[in-house]
Amino acid sequence: AGIELSPSRFIHQRKAVFLVGLVQFTVAGGVGFSVARLLGFPHLVSIYFGMALSTSSTLVVLQQLRQWLRIFESFGRLVTGVLLVQDLLMILGIVVISELVHGPLSIIGGVIKTSLLFGLALIIRQWFMPWFILKAKRKQKRLEIPAGTPPRLDEESLLMVMISVLFAFAGLSNFL
């Protein structure tokens, strides 16, 4: 899914992506919060319910777009961008909610730490991962690929790298 979530695919639609994503997130979240409050749930539970209602399942939607062969069309790029905006807003929402009990300074600190983690993810995605994959391809080419076969990183190795990066980020976010 990470390949389709590349911001460069929908950067020329950024105004529409942010407008649609923000409006959808806000309206769906507000409706979910209001319904939960009308049903008698406490404020915090209602906020969680509203946030859960305001995001779509990115992986499910991307899979559907892939099956319908619409992922690279203008509509598919717009939907992909909106999904990314939803995910980012959800992450910020979780940080804000988890720090509510500690006060505004804690919320600001949480948002700053999240922004730093996001920046690190962009740096790793932009510079480290391409370097690492190229190095792995070269090593694999020297070791086991027959002459004339184009080098490619096998799926298990790539999956292990991705899971390792995921665990590293989970540990770093827990530390922060």
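Anything mentioned here points back to the structure above.
Scope of this entry: the structure provided in the associated data block. A quick note: this is a predicted structure, and the numbers were derived from the prediction, not measured. (Residues numbered from 1 in each chain as written. Predicted model: local features only at pLDDT ≥ 70, side-chain atom pairs only at ≥ 80, totals over all residues. Heavy atoms only, no water.)

### Brief notes about the environment of Ala36
Position of Ala36 relative to the elements: it lies in helix H1 (residues 14-38). Expressed as a C-alpha distance, the spacing of Ala36 and Gly50, which sit 14 residues apart in the sequence, is 7.8 Å. Not counting residues within four places of it along the chain, the set of residues in contact with Ala36 comprises Phe41, Ser46 and Phe49. (Helix = DSSP H or I, 4+ residues; strand = E, 2+ residues; numbered from the N terminus. Contact = heavy atoms within 4.5 Å.)

### So, the packing of H1 against helix H2 (residues 43-54)
Relative orientation and spacing of two packed helices are given, respectively, by the angle between their axes and the distance between those axes. One way to put it is that H1 packs onto H2 with a least axis distance of 7 Å and a crossing angle of 140°. It follows that H1 is oblique to H2 by the angle criterion. You can see that H1 and H2 cross each other, and the crossing is right-handed. Residues Gln24, Phe25, Ala28, Gly29, Gly32, Phe33, Ala36 and Arg37 of H1 pack against His43, Ser46, Ile47, Phe49, Gly50, Leu53 and Ser54 of H2. (Axes fitted to C-alpha atoms, helices over the stretch in contact; angles between N-to-C directions. Parallel < 35°, antiparallel > 145°, perpendicular 65-115°, else oblique. Left-handed = near helix turned anticlockwise from the far one by under 90°.)

### Here we look at H1
Given a rise of 1.5 Å per residue, 25 residues ought to cover 36 Å, and the 35 Å separating the end C-alpha atoms of H1 matches this to within 8%. Restricting attention to buried positions, one finds in H1 the residues Val17, Gly21, Phe25, Ala28, Gly29, Gly32 and Ala36. Buried residues along H1 sit in contact with H2 and helix H4 (74-99). Gly40, located one to two residues past H1, shows a positive phi value of around 95°. (Expected span 1.5 Å × (residues − 1). Buried < 20%, exposed > 50% of the residue type's maximum accessible area, 1.4 Å probe, protein only.)

### Description of the side chain of Ser54
Take Ser54: it is sitting in helix H2. Excluding residues within four positions of it along the chain, Ser54 makes contact with Gln24, Phe25, Ala28, Gly29, Gln86 and Met90.

### Things to note about H2
Helical geometry: 3.6 residues make up each α-helical turn, so side chains three or four residues apart lie on a common side. Under the 1.5 Å per step criterion, the end-to-end length of H2 is 16 Å for 12 residues, consistent within 8% with the ideal 16 Å. Every buried residue of H2 is listed here: Ser46, Gly50, Met51 and Ser54. Looking straight down H2, one finds its buried side chains confined to an arc of 135°; they lie on one side. Where H2 is buried, its residues touch H1 and H4. (Arc of directions from axis to C-beta.)

### Some thoughts on the packing of H1 against H4
Two elements in contact, H1 and H4, have axes whose closest approach is 8 Å; the angle formed by their N-to-C orientations is 50°. Considered as vectors, H1 and H4 are oriented oblique to each other. The two elements H1 and H4 meet at a crossing, and its hand is right-handed. Of the residues in H4, those touching H1 at Ala16, Val17, Phe18, Val20, Gly21, Leu22, Gln24 and Phe25 are Leu78, Gly81, Val82, Val85, Gln86, Leu89 and Met90. For the contact of H1 with H4, the per-class residue count stands at 11 nonpolar, 4 polar and no charged. (Nonpolar A, V, L, I, M, F, W, Y, C, P; charged D, E, K, R; others polar.)

### Focus on a nonpolar patch on the surface
There is a patch of nonpolar side chains on the surface, built from Leu19, Val23, Val27, Val31, Val35, Leu39, Phe41, Val45, Phe49 and Leu53 and spanning about 900 Å² of accessible area. Among the elements of the structure, H1 and H2 are those that each provide at least two residues to the nonpolar patch. No other element matches the 5 residues that H1 contributes to the nonpolar patch. When you line up the elements, Leu39 lands in the loop between H1 and H2. Note on Leu39: relative accessible area 63%, which makes it exposed. (Patch = residues over 30% accessible without salt bridge, like charges linked within 9 Å, V, L, I, M, F, W, Y side chains within 5 Å. Areas by Shrake-Rupley, 256 points an atom, 1.4 Å probe, with all protein chains shown as cover. Salt bridge = Lys/Arg side-chain N within 4 Å of Asp/Glu carboxyl O.)

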